[in-house]
Amino acid sequence: MYTSKTAQASFVSSTIGSLHSSKALNSCVILNTVFASSKIHLNSWSSQIVSSKRSTMTSTFTSIPMFEKKYAPASYSRITSQLSTSSVSSSEFGSGTPITDGITLEFIKQGPLLVNNEFKCTMDLSKWKELGRELELAIAVEEGVEAVSPERIFHYYIPVYFWLDSVREARLQKNNSGGALLVGLSCPQGGGKTTLTQYVSALFASRGLRCAVASIDDFYNTYEELQEVALKNKGNSLLEYRGNAGTHDIPLMLETIRNLCKSEPQTVHVPRYNKSAYGGRGDRAAFEKWEAVNTPVDIILLEGWCLGFRSRSDVEFVKNVSAELLPVNENLKAFEELYKEFDAGMIVKIGDANWVFEWRAQAEKRLREATGGKGMTEEQVKDFVQRFMPAYKAYLPELYSKSAEIAPCGLTLEIDQQRVPRVASFWPTPAKI
């Protein structure tokens with residue numbers, strides 16, 4: 001581990017040159033599509049080294065696939081702004097050793113995806129370190145050096161990347177007709193699904209694969225339509241605002257995902273959702289702000305808090321959880337058409353749904369910081385999350401026990417309250433994919 005923030009910062013400074021000239025980055029001269037944080041951006045890999053060290057840092061970081069404009073504009077601007085100010089000037093760098101340099105194969109094999117030898121992937125330590133160095137630098141710049149941890153990089157993001165790539169390869173061997181691999185990622189709010197897809201998609205992009213990341217959040221109904229849903233279900237707190245089944249535009253989601261999956265070249269317009277609109281209640285962005293994406297892409301990661309939830313036939317059980325959940329239970333039937341499209345699934349499992357309160361508050365705080373104070377207050381966050389608790393109580397246990405029913409193959413990864421992965425299981429075993 002780093003002995004200090006200054007020591008870790010020296011790694012950020014000293015590795016810029018080697019990363020800029022690395023084989024992984026040189027392989028990215030192609031055009032890449034990266035979807036992240038429900039934002040989709042099409043970028044070409046380019047850079048220009050300038051004379052001053054500070055300008056070189058900014059130019060180099062923005063040329064690395066990890067730092068292409070795949071983040072929300074505010075986040076991207078913040079990164080480049082930080083890199084061009086005294087907060088990252090050479091005078092503040094000390095000396096130190098990055099986490100990646102001390103990683104061993106023994107540590108890598110202790111991760112939950114590899115510990116039981118169910119999943120096989122490369123054990124070339126140089127390859128792991130190459131990926132690790134990229135992620136370490138990316139996390140340090142985007143989230144701060146204190147966010148970097150060996151477990152997060154070598155037990156979570158890189159193993160998930162290798163697993164997804166193995167599923168992609170297996171599918172290609174069985175089906176040569178082309179079309180993107182569609183993976184459904186289910187994880188409760190604040191559990192880190194957006195961050196996971198950001199970094200995994202960046203790893204794919206840096207190796208020449210076009211990875212699309214979308215969220216079911218971008219397919220919420222418009223603000224006016226949400227008002228209609230609330231009026232139709234007057235007095236039902238679960239359908240008063242966006243979130244539960246019944247507040248998504250399922251036909252639009254299906255049409256968009258199916259078009260993204262096609263192997264034929266075309267332009268797909270993907271909706272964007274402004275969660276800070278109407279005091280944090282949200283609204284779909286105007287069409288001119290949607291992202292135009294050129295297909296084909298290689299992989300699509302569709303993430304959502306309620307992906308995998310299925311309508312329960314035991315109506316009395318649902319009613320006992322909450323009578324307000326009955327229309328939500330009926331609305332979940334529309335998601336079945338979406339699940340039929342999945343080639344694979346990934347479920348991030350948690351031990352206590354109440355963790356969502358803390359996680360969602362953290363996410364909303366970041367949103368307020370990124371949008372100049374727009375978004376929900378702490379009290380509004382508590383009220384908002386409370387409206388999801390009945391669904392978690394009714395559907396999470398069945399999702400965890402019957403995960404194999406939502407996709408032909410998949411991975412269930414249990415995380416703790418700090419979002420560190422602890423236990424992994426596959427369905428079916430990787431050898432049978």
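Residues numbered from 1 in each chain as written. Predicted model: local features only at pLDDT ≥ 70, side-chain atom pairs only at ≥ 80, totals over all residues. Heavy atoms only, no water.

1. Comments concerning the nonpolar core
A general tendency of soluble globular proteins is for nonpolar side chains to be buried together. How we decide: Here, the term nonpolar core denotes a set of buried Ala, Val, Leu, Ile, Met, Phe, Trp, Tyr and Cys residues that are joined through side-chain atoms within 4.5 Å. Under the scheme applied here, a residue whose accessible area is under 20% of the maximum for its type counts as buried, over 50% as exposed, and between as partly exposed, the area being computed with a 1.4 Å probe on protein chains only. Every helix listed is a DSSP run of H or I at least four residues long, and every strand listed is a run of E at least two residues long, numbered separately from the N terminus. Contact criterion: two residues are considered in contact whenever any of their non-hydrogen atoms come within 4.5 Å of each other.
Counting residues in each nonpolar core, the largest one holds 112 residues, and the members touching the most others are V160, L302, F309 and M346. Tallying contributions element by element places helix α8 (residues 150-174) first for this core, with 11 residues. Once residues lying within four places of it in the same chain are set aside, the contact partners of L302 are L182, V183, G184, L185, A214, S215, I216, M253, I257, L307, L338 and F342.

2. Some details on empty space enclosed by the protein
The method is simple in principle: a probe with the dimensions of a water molecule rolls over the atoms, and the space it marks as empty is what remains. As a reminder, the rule being used: Using protein atoms alone on a 1 Å grid, points that fit a 1.4 Å probe yet trap it form a cavity, whereas open point sets bounded by protein on both sides within 12 Å along at least five of seven lines form a pocket; residues with an atom within 4 Å of a point count as lining. Grid points are joined across faces, edges and corners, and a volume is the space filled by probe spheres set on the points. Each residue is assigned to one class: nonpolar for Ala, Val, Leu, Ile, Met, Phe, Trp, Tyr, Cys and Pro, charged for Asp, Glu, Lys and Arg, and polar for all the others, Gly among them.
Counted under the stated rule, the structure contains 3 cavities of 30 Å³ or more. Of the volumes computed, that of the largest cavity is approximately 50 Å³. V160, L164, V183, L185, L196, T197, V200, L301 and M346 together form the lining of the largest cavity. At the level of secondary structure, the elements contributing two or more residues to the lining of the largest cavity comprise α8, β3 (181-186) and α9 (193-206). Residue contributions to the lining of the largest cavity peak at 3 residues, all from α9. Considered class by class, the residues forming the lining of the largest cavity number 8 nonpolar, 1 polar and no charged.

3. Description of the packing of aromatic side chains
Selection criterion: Only Phe, Tyr and Trp rings are paired, with Trp represented by its six-membered ring, and only when their centres lie within 6.5 Å; those with planes under 30 degrees apart are stacked, over 60 edge-to-face, the remainder tilted. Geometrically, a lysine NZ or arginine CZ counts as sitting over a ring once it is within 6 Å of the ring centre and also within 35 degrees of the ring normal.
Per the stated rule, a full pass over the model turns up 18 aromatic pairs. With centroids separated by 5.5 Å and ring planes inclined at 40°, the aromatic side chains of Y157 and Y199 adopt a geometry described as tilted. Placement of the pair is Y157 in helix α8 and Y199 in helix α9, with a sequence separation of 42 residues. The exposure class of Y199 is buried, given its relative accessible area of 0%. Directly above the aromatic system of Y241 lies the positively charged group of R281, at a separation of 3.7 Å from the ring centroid. Taking the ring centre of F317 as reference, the NZ or CZ of R312 above it sits at 3.9 Å.

4. Focus on helix α11 (residues 250-261)
Applicable threshold: Helix span, as expected, comes to 1.5 Å for every residue beyond the first. Any pair of N or O atoms that falls within 3.5 Å is considered a polar contact. Within protein, one atom must be able to donate a hydrogen and the other to accept it, and sequence-neighbouring residues count only if both atoms are side-chain atoms.
Here α11 is 12 residues long and its end C-alpha atoms lie 16 Å apart, about the 16 Å a rise of 1.5 Å per residue gives. Every buried residue of α11 is accounted for by I250, L252, M253, L254, T256, I257, N259, L260 and C261. The N-cap of α11, judged by a side-chain oxygen 3.1 Å from the amide nitrogen of L252 a few residues on, is D249.

5. Here's the deal with the pattern of salt bridges
Note the threshold: A side-chain nitrogen of Lys or Arg and a carboxyl oxygen of Asp or Glu constitute a salt bridge if their distance falls within 4 Å.
This model, assessed by the stated rule, comprises 22 salt bridges. One salt bridge in this structure joins R168 and D165, with 2.9 Å as the shortest N-O distance. Within this pair, R168 and its partner D165 are both found in helix α8, separated by 3 residues, close to a single helical turn. Of the two residues, R168 and D165, both sit in the buried class. Between R360 and E364 there is a salt bridge; the shortest N-O distance is 2.9 Å. A residue pair is termed a helical-turn pair when its members lie 3 or 4 positions apart in one helix, as R360 and E364 do in helix α16 (residues 355-370) at 4 residues. The burial state of R360 is the same as that of E364; both residues are buried. Look at the salt bridges and you will find they share partners, linking R258, E337, K340 and E341 into a network.

6. A word on the environment of L325
As for its position among the elements, L325 is in the loop between α13 (315-321) and α14 (326-331). Take L325: its relative accessible area is 0%, and that puts it in the buried class.

7. Looking at the pairing of strand β12 (residues 421-427)
Put simply, the rule is: Following DSSP output, two strands are said to pair if at least two bridges run between them.
Summarising the sheet, strand β11 (residues 410-415) and β12 pair through 6 bridges and their orientation is antiparallel. Within β12, the residue paired with L411 across the bridge is F426.

8. Comments concerning the environment of Y395
Within the secondary structure layout, Y395 lies in helix α18 (residues 389-401). Here Y395 falls in the buried class, since its relative accessible area comes to 1%. Within the structure, the side chain of Y395 is placed 2.8 Å from the side chain of N329, a separation counted as a polar contact.

9. Quick notes on the packing of helix α7 (residues 125-143) against α8
Under the convention used in this document: Only the contacting stretch of a helix is used when fitting its axis, a line to C-alpha atoms as for every element, and angles between N-to-C directions run 0 to 180 degrees. By the definition adopted for this analysis, an angle is roughly parallel if under 35 degrees, roughly antiparallel if over 145, roughly perpendicular if from 65 to 115, and oblique otherwise. What makes a crossing left-handed is the near helix being turned counterclockwise from the far one by less than a right angle; a clockwise turn instead makes it right-handed.
At a closest axis distance of 10 Å, the pairing of α7 and α8 adopts a crossing angle of 115°. The pairing of α7 with α8 is recorded here as roughly perpendicular in orientation. Here α7 runs over α8; the crossing is right-handed. When α7 is examined against α8, the residues K127, W128, L131, G132, L135, E136, I139 and E143 are found in contact with a partner set consisting of R152, I153, F154, Y157, I158, P159, Y161 and F162. Of the residues belonging to the contact of α7 with α8, the class tally is 11 nonpolar, 1 polar and 4 charged.

10. Brief notes about the side chain of D416
Mapping D416 onto the fold places it in the loop between β11 and β12. A polar contact is formed between the side chain of D416 and the backbone nitrogen of Q418, at a distance of 2.9 Å. If we ignore the near neighbours within four places in the chain, the residues touching D416 are W355, W359 and R422.

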